[in-house]
Structures are given as structure tokens and as C-alpha cells.
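The residues making up each chain are set out below.
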Amino acid sequence: MSPIRKFLALALLILIALFTVWPTVISFSDGIVEEYDGMLIVWILNQTIQKIPHNILNIFQSYIFYPFSDSLAFSVLMIPSAILSYLPVKLTGSFVAASNFTIIFGQIATVLVVYFWLKDISENRLISFIGAVALILSKIRFNFLVHLQMWTMYWWLLPSWMFWRYFKYKRAKDLYLGFVLTGIVIWENVLPFYFVATILAALVVTNSTTFKKQLKHFVIGGIIAVVIAIPVILVYREVSITHGFVRTIRDAAHFSSGLDDLSNRSFSPVIFLLFGLSLFKLGRDKDVLNKNTKWMFIVFIMSFLFTLGPVMKWGGETVKLFGKIPIPLPYALFYYLVPGLNALRATSRWILLTVFSVVALFSYAFRNLNFQKRTLFSVIFLLLLLLDVNRIEKSYSVPADKDIPEVYQWLINSKYRSVLELPMYNWTDKVLKKNEYYRMYFSLFHRKKVVNGVSGFMPEETSELMNLSRKAGSMYQIASELSFFDPDIVIVHQDQQKALLGNTLSLCSFADSVAWQDDDTIVVELK
């Protein structure tokens, strides 16, 4: 293929990727694609961005869940993605540019990494093109757009690709680069580390002779990865020990997929078609299992089974034999045996690894596609566009700097360091909980320590305070229980209080301690 045709192929991949995320391009500085987890991701990314370069040693600290430390580690970190989005945020002056850049760059980087890896496997650009586009257009991938830490698939695809290249080309530099990137992956998100580990384990099993001969390199590489990741490992360990934070196996079951999800929530017809075509082609060629495909099948089987979680489900309910006995699945064993797996919540996310294994298998099965059959596969590519096109449809506006509520504009230049906002919200508050996400967004402006917060984990003490504040009828009852949190001020959103609990909070004992107020909000100074 001529250089011009190579360039055109890459340009077309980028254009398709941009088409799927176009609303984030045109609302780059003032819109988000999801108002809940999307706003949380904006906050997470900017927590790191605001520490560059002068406060980088406090990388795990954040504004929420005061007075607890390392509260950024109560959820995903996404520090590498934050570093990449630093410049867009600084150039635009917009916090939401961080998440929009991550969405756009994540789609482009993912399709290019998948394309080049598939091209390595198949040495066929057309097949690689089809496989890469099928993956980025699939409904399965777009299901995880709101969980942006899973959208950035390229972070775990890159080290996995390097490991694969090592076993194919036997170049030590690929192996060491794979381990370096694996260490970086953990700074982004812990779950993709297990994706990389699964692929590496499958490659080791199917290339055991090479592994045994080069064990020294694997040991050294593993040490390098641990050294890079050790700050993250230690902070998550500390959070787990201090707060007793683990996900129960019931959580894993609740956030797993049922088999019926393949026909609804995860219905991706083109991915299913490519898998069926691959099995048919390999079966006809009597080439189903060989050194090149075994690792793909291992990854497919393991990741798909892990997607289903610890027990079989159907229709959102656990399937029970004779109405009493759950059907256990392999994840139930790995949950107890693999360190760190019990801290992860949604096993359904493993399906992303399954999808990649499908397009990898497809690229190998049709690697020898001849010129005469390219027309057929061009038609299949058109089917990709007709059957399984998923894209972002719209974005939601966020308040501009001048439009943030007056209380937060006042707070920016106030003398106070820490604040509690009432009412406090939790996951069960449906639409109203959006208020808590936006408070976190506004904290990026005022940068005060906030007792409130939304994250993957809420400390027990904060949860108890939230329950108390919902039962209390007066500020006096709440203030008497705040010695542990010790906020300087309490912001009482009386309009939100009434919408959530049906009443306003009595402040009669603090009439002389009002620091600021408007029609809906009163700020009470506690010291």
C-alpha cells in the first residue's frame, strides 16, 4: 500500500472516531455527556490538573470528604489521563475540557491502537480496519462512556500489545515497555491491570517455553512495574485498611451481567457477527486452535465468564437450581484468591476484554483474505455502519464561571477553609443527588475542603453524619455532632432541604452567626 493510501486509512479511522463523539467536539468547553458520573469524572481529572506542578506530592488528596486524607483514592484516579488533558484545560480555561478531551482522545487512541495491533496479527489492513471500527462503534463500548475510566481502553491495550509483540518478535524492549506501561495503567485505574494480567497470563500459557527461557526478564520487568505502581498500591491498601473498604461478593453479583444482557443492554450485532464468522472460517480451515489463537480463546472465555460475575443471572435475578441453589461461576473463586479483586465492583466491565478478543480472533481468521473477496468484506463494513452504529447524541450544558451560584462566588474569596453543605445526598436520592455532583464541580472554583462528597466509597463517619442531618430539625442538633469534622461554616440550601426532606432547617440558635445569605441559601459560621 502506498504512503498516501496508508495515510488515508488512518485519516478515515480518525474521522470515524470523531463522528462518534462529535457533540463533545462542538461543546468542548461548555458541555458534558452525562450529568452524574460525567460530572464526577470532570472533578476527578481536575483534582490532579490543579496540583500540577506545585502540589504534585499531594496527588492523592482532594477537596471532598474532609477531614479524611487521600480521598481521591476513594474512587478511580485517572492520573495519566489528567496529565494528558492538562494542556486543553489550561488553554480553554474550562474544567469540562478535561473530560471532553479524554473522550475524544480516548476514542481516537483506542481505534488506532486496536488497528495497529490487529494489523500485526493479520498483516491485512482491510481486516484490521473492519475489526477496529467494529469495536469502537459497538454498543458494548458505548455502554461504558459514562464510566470514562473504562472508555480509555488504550491504556490497557498498549501494554498488552507490547507483551504480544515480545512473544512474536522476541525483542526484550517490547517486554520492558509492556511492564512500564502496566505500571502506568494502575495510576489510571486498577481494573484494567487485571485485563493486562489476563492477556499476559494467556500469552505465557501458550508460549511457556519462551517464558521459561526468559524468566529473568519477566522478573525484572515485574519489579519495574511494581516500583512504578507502588504509591498507588500503598494508598489503596491504606484506604482499605483504615476504612475497611471492600466490595462484598454480593456487590460483585449485583453489578455483573446476566446472559440475557447480550440480547438487550449489550446487544452488538456486528461483534456477534464477526465472532460467528471467525468460528466458521477457522472451523472450515481446520485451524481453530493453534499457537496464534489459543491465547485469544483463553482471554475470551475467562473475560466472558468474569463478566457474568460470581453466580449465574437472568433478568437481573440470580438463577437458582430448584429455586434454592445458586449456580456458581469461576469469578466466585477468583474473588477470594486474587489480591485486590474484592475491592472492585462491576464485573460487567470485563466484557470490554471479551470484545477485544473477538476482533483479534476475527483478524487472525481472515488474515489471508484475497483480493477477489475484498468486495464481500467491504459490504460487511457497510453493515457495521447500518447495524451497529453507536455515537454520542448530545451533551449537557454546565454553568460558566460567571453563572456559578452566588454562594460559591462569595466562598472563593472568603477566609474559611472547610465547609459542610446541607442537605447531604446519597445514591438513592435519584434526580436530587445531581446537586452533590455539582457541588463538587463548584469546589473546583472555590477550592475549600468539603465534608460532603460523591465517590466510589463514602467513609462510615460521613454516612452517619448524613443520616443524622436528615433526621435533625434544627442546626443546633447537627452542630453538636460536628466536632470530628470541624467545618468552619455550614452552607444550608433551604430550597434543596425542602425538596429532599419536605421542611427547612431551623437556624434560630445561629441567628447571630450568619455569614452570608440569599433567598435560598444561608451560610452559618461555626467558629
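Numbering of residues starts from 1 in every chain and runs along the sequence as written. Residue-level local features of this predicted model are given only where pLDDT is at least 70; pairs of side-chain atoms are given and counted only at 80 or more, and the full residue set underlies all totals for whole chains, interfaces and linings. Think of the side-chain values as coming from all heavy atoms in the structure, minus any hydrogens and water.

## Thoughts on the overall build of the chain
Under the DSSP-based scheme used, a helix requires at least four consecutive residues in state H or I and a strand at least two consecutive residues in state E, with every element numbered from the N terminus. When you go through the chain residue by residue, the secondary structure sums to 25 helices and 11 strands. Against the 2.2 N^0.38 benchmark of 24 Å for 527 residues, the chain shows a C-alpha radius of gyration of 25 Å, consistent with a compact globule. Method for areas: the Shrake-Rupley scheme with a 1.4 Å probe, in which residue coverage is limited to the protein chains shown. Of the accessible surface of the chain, which amounts to about 23,400 Å², a share of 62% is contributed by carbon and sulfur atoms. We score Asp and Glu as negative and Lys and Arg as positive, and we do not count His or the chain ends. Charge positions are represented by NZ for Lys, CZ for Arg, CG for Asp and CD for Glu. Here the chain contributes 49 positively and 36 negatively charged side chains, and the mean placements of these two sets differ by 16 Å. C-alpha atoms define the radius of gyration in this analysis, and the globule rule sets the expected value at 2.2 Å times the number of residues to the power 0.38.

## Description of the side chain of glutamate 188
Along the chain, glutamate 188 falls in helix α11 (residues 172-188). The side chain of glutamate 188 sits in the buried core without any salt bridge; arginine 141 is the nearest counter-charge, 11 Å away. Every residue pair with non-hydrogen atoms within 4.5 Å of one another is taken to be in contact. The contact partners of glutamate 188, leaving out residues within four places of it in the chain, are Val76, Leu77, Met78, Ile79, Pro80, Ser81, Thr152 and Trp155. Residue exposure (1.4 Å probe, protein chains only): buried if accessible area is under 20% of the type maximum, exposed if over 50%, otherwise partly exposed. Salt bridge, as applied in this entry: a Lys or Arg side-chain nitrogen positioned within 4 Å of an Asp or Glu carboxyl oxygen.

## Observations concerning the environment of tyrosine 115
When you line up the elements, tyrosine 115 lands in helix α6 (residues 97-122). Spatially, the C-alpha atom of tyrosine 115 lies 12 Å from that of leucine 12, the residues being 103 residues apart in sequence. Beyond its immediate stretch of four places on either side in the chain, tyrosine 115 contacts Ala9, Leu10, Leu13, Arg125, Ser128, Phe129 and Ala132.

## Some thoughts on helix α18 (residues 330-337)
Within the span of α18, buried status applies to Tyr331, Ala332 and Tyr335. End-on view of α18: buried residues confined to an arc of 105°, all on one side of the axis. Along α18, exposed side chains directed more than 90 degrees from the buried face belong to Leu333 and Leu337. Among the structural elements, α15 (249-254) and α17 (294-307) are those in contact with the buried residues of α18. When we speak of the arc, we mean the arc of directions from the helix axis to the C-beta atoms.

## Section: the side chain of glutamate 35
One can find glutamate 35 in the loop between β1 (31-32) and α3 (37-49). With residues near it in sequence (within four places) discarded, glutamate 35 still touches Tyr396, Lys434, Tyr437 and Tyr438.

## Points about the packing of α6 against helix α10 (residues 154-169)
All axes here are fitted lines through C-alpha atoms, helices being fitted over the stretch that makes contact, and every angle between N-to-C directions spans 0 to 180 degrees. Close contact between α6 and α10 brings their axes to 10 Å; oriented N to C, the two are set at 15°. It follows that α6 is roughly parallel to α10 by the angle criterion. Viewed along their axes, α6 and α10 form a crossing whose handedness is left-handed. Contacts from Phe105, Gly106, Ala109, Thr110, Val113, Val114, Phe116, Trp117, Asp120 and Ile121 of α6 reach α10 at Tyr154, Leu157, Leu158, Ser160, Trp161, Trp164, Arg165, Lys168 and Tyr169. Under the grouping applied here, Gly and all other residues not named as nonpolar or charged are polar, the nonpolar ones being Ala, Val, Leu, Ile, Met, Phe, Trp, Tyr, Cys and Pro and the charged ones Asp, Glu, Lys and Arg. The residue makeup of the contact of α6 with α10, split by class, is 13 nonpolar, three polar and three charged. The labels follow the angle: roughly parallel below 35 degrees, roughly antiparallel above 145, roughly perpendicular from 65 to 115, and oblique for the rest. Crossing handedness: left-handed means the near helix sits turned counterclockwise from the far one by under a right angle, and right-handed means the same turn made clockwise.

## Focus on the packing of α11 against helix α14 (residues 215-243)
Across the interface, α11 lies against α14 with an axial gap of 8 Å and an inter-helix angle of 20°. Comparing the axis directions of α11 and α14 gives the class roughly parallel. Crossing of α11 over α14 shows right-handed handedness. Along the contact surface, α11 presents Leu175, Tyr176, Phe179, Val180, Gly183, Ile184, Ile186 and Trp187, while α14 presents His217, Phe218, Ile220, Gly221, Gly222, Ile224, Ala225, Ile228, Ala229, Pro231 and Val232. By residue class, the composition of the contact of α11 with α14 is 15 nonpolar, four polar and no charged.

## A closer look at the sheet that holds strand β8 (residues 449-450)
Note: strands within a sheet are paired through backbone hydrogen bonds, in either parallel or antiparallel orientation. Taken in spatial order, the five strands make up an open sheet running β8-β7-β9-β11-β10, and their pairing is mixed. Both outer strands of the open sheet, β8 and β10 (514-517), are each paired with one neighbouring strand and no more. Helix-sheet contacts for helix α25 (residues 494-501) involve β7 (418-422), β9 (489-493) and β11 (521-525), and the interaxial angle to β9 is about 60°. In this description, strands pair whenever DSSP reports at least two bridges between them.

## Re helix α12 (residues 191-206)
What a helix is expected to span follows from its residue count: subtract one and scale by 1.5 Å. Given a rise of 1.5 Å per residue, 16 residues ought to cover 22 Å, and the 23 Å separating the end C-alpha atoms of α12 matches this to within 8%. Buried within α12 are the following residues: Leu191, Pro192, Tyr194, Phe195, Val196, Thr198, Ile199, Leu200, Ala202, Leu203, Val204 and Thr206.

## With respect to the pattern of salt bridges
Evaluated as defined, the whole model comprises 14 salt bridges. The partner of glutamate 393 in a salt bridge is arginine 391, and the shortest N-O contact between them spans 3.8 Å. The exposure class assigned to glutamate 393 is exposed, which follows from its relative accessible area of 62%. On the basis of relative accessible area, arginine 391 is assigned to the partly exposed category, the value being 26%. When the shortest N-O distance is used, the salt bridge between arginine 439 and glutamate 421 registers 3.6 Å. Here glutamate 421 lies in strand β7 and arginine 439 lies in helix α22 (residues 434-446), a separation of 18 residues in the sequence. This pair shows no difference in class: arginine 439 is buried, exactly as glutamate 421 is. Here the salt bridges do not stand alone but share partners, grouping Asp120, Arg165, Arg171 and Asp174 into one network.

## So, the pairing of β11
Of all five residues that make up β11, four are buried, and the element is covered over most of its length. Where β9 meets β11, five bridges bridge the pair, whose relative direction is antiparallel. Looking at the pairing, valine 490 lines up with valine 524 of β11. Of the pairings in the sheet, the one linking β10 to β11 comprises three bridges and is antiparallel in character. Directly across from tryptophan 516, in β11, lies its bridge partner valine 523. Where β10 folds back onto β11 in an antiparallel hairpin, the turn is made up of three residues.

Geometry only, nothing functional implied.
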